[in-house]
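The chain contents come next:
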Amino acid sequence: MIRRTLLVDALLALLVGLVAMAMLAGTSEQSAGGFRHVDAMGIGLVAASAAPLIFRRVAPVPVFIVVAAATLALAGFGYPFNFPFGPLVAVYALATRRTRGRLILAVGGSAVLLTGAALLMARQQPVSEVAGRMVIWGLSLAGAWIAGELVRDRRERAAEARRRATFEAEQARKLAVAQERIRIARELHDSAGHALGVISVQAGAARLLYERDPEGSRTAITTIEKVAHDTMEEISRLVRAFRSDGENEQVVPSGPGALQELVARHRDAGLTTGLEVNGLPQAMSRDVARTVYRVLQEALTNAGRHGTGQAHVTIDFLPDAVELTVTNPVAGGTPAGGGGSGIGGYGLIGMRERVALANGTLETVNAGTTFRIHARLPHPKEA
């Protein structure tokens, strides 16, 4: 980007110099007398009025001063300089930058340029002709300033819009994470309540069987230990989630069969869905089962909303993990996976948060015509 900008400015400076030189040489040859013919000093002054424009973006104030001084020198040495191409570009560049004192400098510098050029040119040209030329110069410089102001204002509004969009996107992401954690915490509350109920029952059984059935008592205690261990692992992963009141949500079913039921439900709703199950379906921990269910729910919702009405689901049951892959064609011009509402209405953000809290990984691939979601979740087996 920097090289491209420098190249554009260099080409602009070269163009200004060539046009000024062509006008200077042509007017000099047509003049009957009184004007100085083009020589080495004239070429140098033309170059001085154009070459600094290469740095107009990084140093607009010095560039304007040098260019205006070189233009004034052309008039002072008697060269037939008819139009201030260099100062015009320099004033525009000064207006596009929010530089301290730029308005005072532009107005004062332009006034000095116009006044000095008028006094110097009046020595060789009629006053009426010089006055008309200065009016054109002044209007041109004012037009260049106004154009620069408009460009600067447009750039600042665009930059502010980008900053606001970035801020709003970050706020939306934080809200999505918070909403998903609230949902997870609510599910954790139900899971912990169930676990405590099991522990309470088994503890009572262990107490009653302690003397007449020691083996049964040990089995109950082992069950208590296992349920407590699994529940503590689940709580430790989700301890920062918070539970909010006021919403009644459907309990998410768990287990391999629930995934097939979810696919069938979307198929009945009109989504042509293929299902491939590899490996032996096995019991998963409650949080992993819920996460897989929610990811599949979100992926199928996205496929129905943003796709062409088709999706293919692959579930791989591995010894230490479960992998879920959902692939769907994408409708032309539609952002794949943009913002489904399968889990809280926050799309992929909530999906990633849920998978991360379950110690899993989520990968999304947008191939242009297809969109693929791949989730891998390690799972300790249920007792």
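Since this is a predicted model, take the numbers as computed values, not measurements.

J.: Would you explain the overall build of the protein in this entry?
T.: When its secondary structure is counted, the protein shows ten helices and five strands. Across the 383 residues of the protein, 41% fall into the buried class. For the protein, the share of sequence-separated contacts (at least 6 apart) that also reach a separation of at least 24 residues comes to 74%. When the accessible surface of the protein is totalled, it reaches about 20,200 Å², and 62% of it is carbon and sulfur.

J.: Teacher, can you tell me more about helix 9 (residues 286–306) here?
T.: An α-helix turns once every 3.6 residues. As a result, residues three or four positions apart point the same way. In this model, helix 9 (21 residues) spans 30 Å end to end at C-alpha, consistent with the 30 Å of a helix rising 1.5 Å per residue. Of all 21 residues making up helix 9, 19 are buried, and the element is well covered by its neighbours.

J.: Honestly, the packing of helix 2 (residues 40–50) against helix 3 (residues 60–76) in this entry has me stumped. Any pointers?
T.: Packed helix pairs are characterised by how far apart their axes lie and by the angle those axes make with each other. At a minimum axis separation of 7 Å, helix 2 and helix 3 run at an interaxial angle of 150°. Comparing their axes, helix 3 and helix 2 come out roughly antiparallel. Helix 3 is crossed by helix 2, and the crossing has left-handed handedness. Seen from helix 2, the contacting residues are Gly-42, Leu-45, Val-46, Ala-48 and Ser-49; seen from helix 3, they are Val-66, Val-67, Ala-70, Thr-71, Ala-73 and Leu-74. Class assignment for the residues of the contact of helix 2 with helix 3 results in eight nonpolar, three polar and no charged.

J.: Would you take a moment to explain the nonpolar core for this structure?
T.: As a rule of thumb, soluble globular proteins bury nonpolar side chains together. Leu-53, Met-134 and Trp-137 are the most contacted members of the largest nonpolar core, which totals 35 residues. When residues of this core are traced back to their parent elements, those giving at least two are helix 1 (2–30), helix 2, helix 3, helix 4 (85–96), helix 5 (102–121) and helix 6 (127–209). Beyond its immediate stretch of four places on either side in the chain, Leu-53 contacts Asp-9, Ala-13, Val-16, Val-63, Val-67, Gly-86, Val-89 and Ala-90. Within the second largest apolar cluster, 32 residues are counted, among which are Leu-262, Val-292, Val-326 and Met-351.

J.: Can you walk me through the pattern of salt bridges in this structure?
T.: Side chains that differ in sign of charge can pair as their charged atoms come close. Scanning the entire structure with this criterion turns up eleven salt bridges. Measuring nitrogen to oxygen at the nearest pair gives 3.9 Å for the salt bridge that ties Glu-160 to Arg-164. Residue Glu-160 and its partner Arg-164 are located together in helix 6, separated by four residues, close to a single helical turn. Taking the relative accessible area as the measure of exposure, Arg-164 reaches 43% and is therefore partly exposed. Of the charged contacts in the structure, one is a salt bridge between Glu-363 and Arg-372, with a shortest N-O distance of 3.9 Å. Overall, Glu-363 belongs to the partly exposed group, its relative accessible area being 39%.

J.: Quick question: what am I supposed to make of the environment of Leu-114 here?
T.: In this fold, Leu-114 is placed in helix 5. With 30 residues separating them in the primary sequence, Leu-114 and Pro-84 have C-alpha atoms 9.9 Å apart.

J.: How should I be thinking about the pairing of strand 1 (residues 272–278) in this particular structure?
T.: Note on strand geometry: in a regular strand, side chains alternate between the two faces of the sheet. Bridge count for strand 1 against strand 2 (residues 310–317) is seven bridges, and the pairing is parallel. In the sheet register, Thr-272 faces strand 2, and the bridge partner there is Gln-310.

J.: Just to check I follow, could you spell out the side chain of Thr-314 for this structure?
T.: Counting through the fold element by element, Thr-314 comes out in strand 2. Excluding its chain neighbours within four sequence positions, the residues that come into contact with Thr-314 are Glu-276, Asn-278, Glu-323, Leu-324 and Thr-325.

J.: What is the right way to read the packing of helix 8 (residues 256–268) against helix 9 from this model?
T.: Contact pair helix 8 / helix 9: the axes reach a minimum separation of 10 Å and the direction vectors enclose 15°. One finds that helix 8 runs roughly parallel with respect to helix 9. Helix 9 is crossed by helix 8, and the crossing has right-handed handedness. From helix 8, Ala-258, Leu-259, Leu-262, Val-263, Arg-265 and His-266 reach across to helix 9, where they touch Val-292, Tyr-293, Leu-296, Gln-297, Leu-300 and Thr-301. Per-class residue counts for the contact of helix 8 with helix 9 are eight nonpolar, three polar and one charged.

J.: What is the right way to look at the sheet that holds strand 3 (residues 321–329) in this model?
T.: As a general point, the strands of a sheet are linked pairwise by backbone hydrogen bonds and lie either parallel or antiparallel. Spatially, the five strands line up as an open sheet ordered 1-2-3-5-4, and their pairing is mixed. Every other strand in the sheet has two partners, leaving strand 1 and strand 4 (361–366) as the edge strands with one partner each. For this sheet, the mean angle separating the axes of adjacent strands, direction not counted, is 10°. Packed on one face of the sheet, helix 9 meets strand 1, strand 2, strand 3 and strand 5 (370–378) and runs near 5° to strand 3.

J.: Explain unusual backbone geometry to me, please; I cannot follow it from the model alone.
T.: Note: most peptide bonds trans; most residues except glycine with negative phi. Within the chain, Asn-359 stands out as a residue other than glycine whose phi angle is a positive 65°. Following the sequence through the fold, Asn-359 ends up in the loop between helix 10 (347–357) and strand 4.

J.: Can you walk me through a nonpolar patch on the surface in this structure?
T.: Where nonpolar side chains cluster on the molecular surface, the patch consists of Leu-7, Leu-11, Leu-14 and Leu-18 and spans about 410 Å² of accessible area. Among the structural elements, Leu-11 can be located in helix 1.

J.: I tried to follow the side chain of Ser-110 on my own but got confused; where do I start?
T.: In this structure, Ser-110 sits in helix 5. Given a relative accessible area of 12%, Ser-110 falls into the buried group. Residues contacting Ser-110, with those up to four places away along its chain left out, are Phe-64, Val-91, Leu-105 and Leu-141.

Here is what the cut-offs are and how they apply
Counting starts from 1 at the beginning of each chain's written sequence and moves along it residue by residue. This being a predicted model, a pLDDT of at least 70 is required before a residue's local features are given, and a value of 80 or more before pairs of side-chain atoms are given or counted; all residues contribute to the totals for chains, interfaces and linings. To get the side-chain values, all heavy atoms of the structure are used, and hydrogens and water are removed first. Runs of H or I in DSSP of at least four residues are treated as helices and runs of E of at least two as strands, each being numbered from the N terminus. Note on exposure labels: buried denotes an accessible area under 20% of the residue type's maximum, exposed denotes more than 50%, and partly exposed covers the range between, all computed with a 1.4 Å probe on protein chains only. Note on contacts: a residue pair is in contact if any heavy atoms of the two residues lie within 4.5 Å. To be clear on the numbers: accessible area is Shrake-Rupley with a 1.4 Å probe, and residue cover counts the displayed protein chains and nothing else. Each residue after the first adds 1.5 Å to the expected span of a helix. Fitted lines through C-alpha atoms give the axes, limited to the stretch in contact for helices. The angle between two N-to-C directions lies from 0 to 180 degrees. The labels follow the angle: roughly parallel below 35 degrees, roughly antiparallel above 145, roughly perpendicular from 65 to 115, and oblique for the rest. We call a crossing left-handed when the near helix sits turned anticlockwise from the far one by less than a right angle, and right-handed when that turn is clockwise. Here the term charged refers only to Asp, Glu, Lys and Arg, the term nonpolar to Ala, Val, Leu, Ile, Met, Phe, Trp, Tyr, Cys and Pro, and the term polar to all other amino acids, Gly among them. As used here, the term nonpolar core means buried Ala, Val, Leu, Ile, Met, Phe, Trp, Tyr and Cys residues forming a set that is joined through side-chain atoms within 4.5 Å. Salt bridge, as applied in this entry: a Lys or Arg side-chain nitrogen positioned within 4 Å of an Asp or Glu carboxyl oxygen. Strand pairing is defined by DSSP finding a minimum of two bridges between the two strands. A residue counts toward a patch only above 30% relative accessible area and without a salt bridge, and it is joined to like-charged neighbours within 9 Å or, for Val, Leu, Ile, Met, Phe, Trp and Tyr, to nonpolar neighbours within 5 Å.

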